[in-house]
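Letter by letter, the chains look like this.
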Amino acid sequence: MLKRNRVVDLASTAKDDVLAEMVDVAATSPYVLDKQALLQSVREREQKMTTGIGIGIAIPHAKTNACTDFVIAIGRKRGGLMYDALDGGLVYLVIMIAGPAARYDTYLNIHAKIVLLMACPEFRQRLINAETTNDIYHLLKGK
């Protein structure tokens, strides 16, 4: 689900621009059939409630027929960005999950694993402070 080219340092500074940038990254996967439909699904989900869960993390996601299988994209924003996080803090890591609408159980398992990984303060800080996105990728692949 996670490939090296889908771990990036984010250029955008505004939440909506970050979502679009993350969809662009996710859409490098052949599993994303319709980038615009995916972006619309991500934005609609975000309007229901922020995916900025706090502790410096956001997990935007979409369950959509625009994807044939699950894709994960990771964006790191050095210095953080305002994201309407539940705790009011900055977001440093944006972890996007996109997958087919019919596979809700798989989505829940992926989301739960990410939340458990991010709950570890030491691991989270290692990701945020990693020298390169390649380091982030390897840290995550080790888990």
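Residues numbered from 1 in each chain as written. Predicted model: local features only at pLDDT ≥ 70, side-chain atom pairs only at ≥ 80, totals over all residues. Heavy atoms only, no water.

### Some words on the packing of helix 1 (residues 15-26) against helix 2 (residues 35-48)
A pair of packed helices is captured by two measures, namely the crossing angle of their axes and the spacing between those axes.
Inference 1: The interhelical angle for the contact between helix 1 and helix 2, taken along N-to-C directions, is 140°, at an axis separation of 10 Å. By the angle between their directions, the pair helix 1 and helix 2 is classed as oblique. In this structure, helix 1 crosses over helix 2, and the sense of that crossing is right-handed. Between helix 1 and helix 2, the residues in contact are Lys-15, Asp-16, Leu-19, Ala-20, Val-23, Asp-24 and Ala-26 and Lys-35, Leu-38, Leu-39, Val-42, Arg-43 and Glu-46, respectively.
Inference 2: Among the residues forming the contact of helix 1 with helix 2, the class breakdown is 7 nonpolar, no polar and 6 charged. (Axes fitted to C-alpha atoms, helices over the stretch in contact; angles between N-to-C directions. Helix = DSSP H or I, 4+ residues; strand = E, 2+ residues; numbered from the N terminus. Parallel < 35°, antiparallel > 145°, perpendicular 65-115°, else oblique. Left-handed = near helix turned anticlockwise from the far one by under 90°. Contact = heavy atoms within 4.5 Å. Nonpolar A, V, L, I, M, F, W, Y, C, P; charged D, E, K, R; others polar.)

### So, the packing of aromatic side chains
Inference 1: Counted under the stated rule, the structure contains 1 aromatic pair.
Inference 2: Arranged with centres 5.9 Å apart and planes meeting at 35°, the rings of Tyr-104 and Tyr-107 form a pair that is tilted. You can see Tyr-104 and its partner Tyr-107 sitting in helix 3 (residues 104-118), 3 residues apart, about one turn around the helix.
Inference 3: Judged by its relative accessible area of 41%, Tyr-104 falls in the partly exposed class.
Inference 4: Over the aromatic face of Tyr-83 sits the side chain of Lys-15, whose NZ or CZ is 4.7 Å from the ring centroid. (Phe/Tyr/Trp six-rings, centres within 6.5 Å; stacked < 30°, edge-to-face > 60°. Buried < 20%, exposed > 50% of the residue type's maximum accessible area, 1.4 Å probe, protein only. Lys NZ or Arg CZ within 6 Å of the ring centre and 35° of its normal.)

### Overview of the pattern of salt bridges
A side chain of one charge can pair with a side chain of the opposite charge when the charged atoms of the two come close.
Inference 1: Evaluation of the coordinates by the stated rule reveals 6 salt bridges.
Inference 2: The salt bridge partner of Lys-15 is Glu-46, with a shortest N-O separation of 2.8 Å. Note that Lys-15 is positioned in helix 1 and Glu-46 in helix 2, a separation of 31 residues in sequence. Judged on exposure class, the residue Lys-15 and its partner Glu-46 are both buried.
Inference 3: Linked through salt bridges whose partners overlap, the residues forming this network are Lys-15, Glu-46 and Asp-84. (Salt bridge = Lys/Arg side-chain N within 4 Å of Asp/Glu carboxyl O.)

### Thoughts on the nonpolar core
Inference 1: Grouped together as the largest cluster of nonpolar side chains are 25 residues, with contacts concentrated most on Leu-10, Met-22, Leu-38, Val-42, Val-94 and Met-96.
Inference 2: Sorting the residues of this core by element identifies helix 1, helix 2, strand 5 (71-81) and strand 6 (91-99) as the ones contributing at least two each.
Inference 3: Per-element accounting of this core gives the leading share, 6 residues, to helix 1.
Inference 4: Not counting chain neighbours up to four residues away, the residues in contact with Val-42 comprise Leu-19, Val-23, Pro-60, His-61, Ala-62 and Met-96. (Core = buried A, V, L, I, M, F, W, Y, C linked by side-chain atoms within 4.5 Å.)

### Remarks on the pairing of strand 5
Inference 1: In terms of burial, strand 5 is a largely internal element, 9 of the 11 residues being buried.
Inference 2: Here strand 1 (residues 7-9) pairs with strand 5 via 3 bridges, running parallel. Of the residues in strand 5, the one forming a bridge with Val-7 is Ile-74.
Inference 3: Sheet topology note: the strand 5/strand 6 ladder contains 7 bridges and is antiparallel. Across the sheet, Ile-72 pairs through a bridge with Ile-97, a residue of strand 6. (Pairing = 2+ DSSP bridges.)

Everything listed here is a matter of geometry and, on its own, says nothing about what the molecule does.
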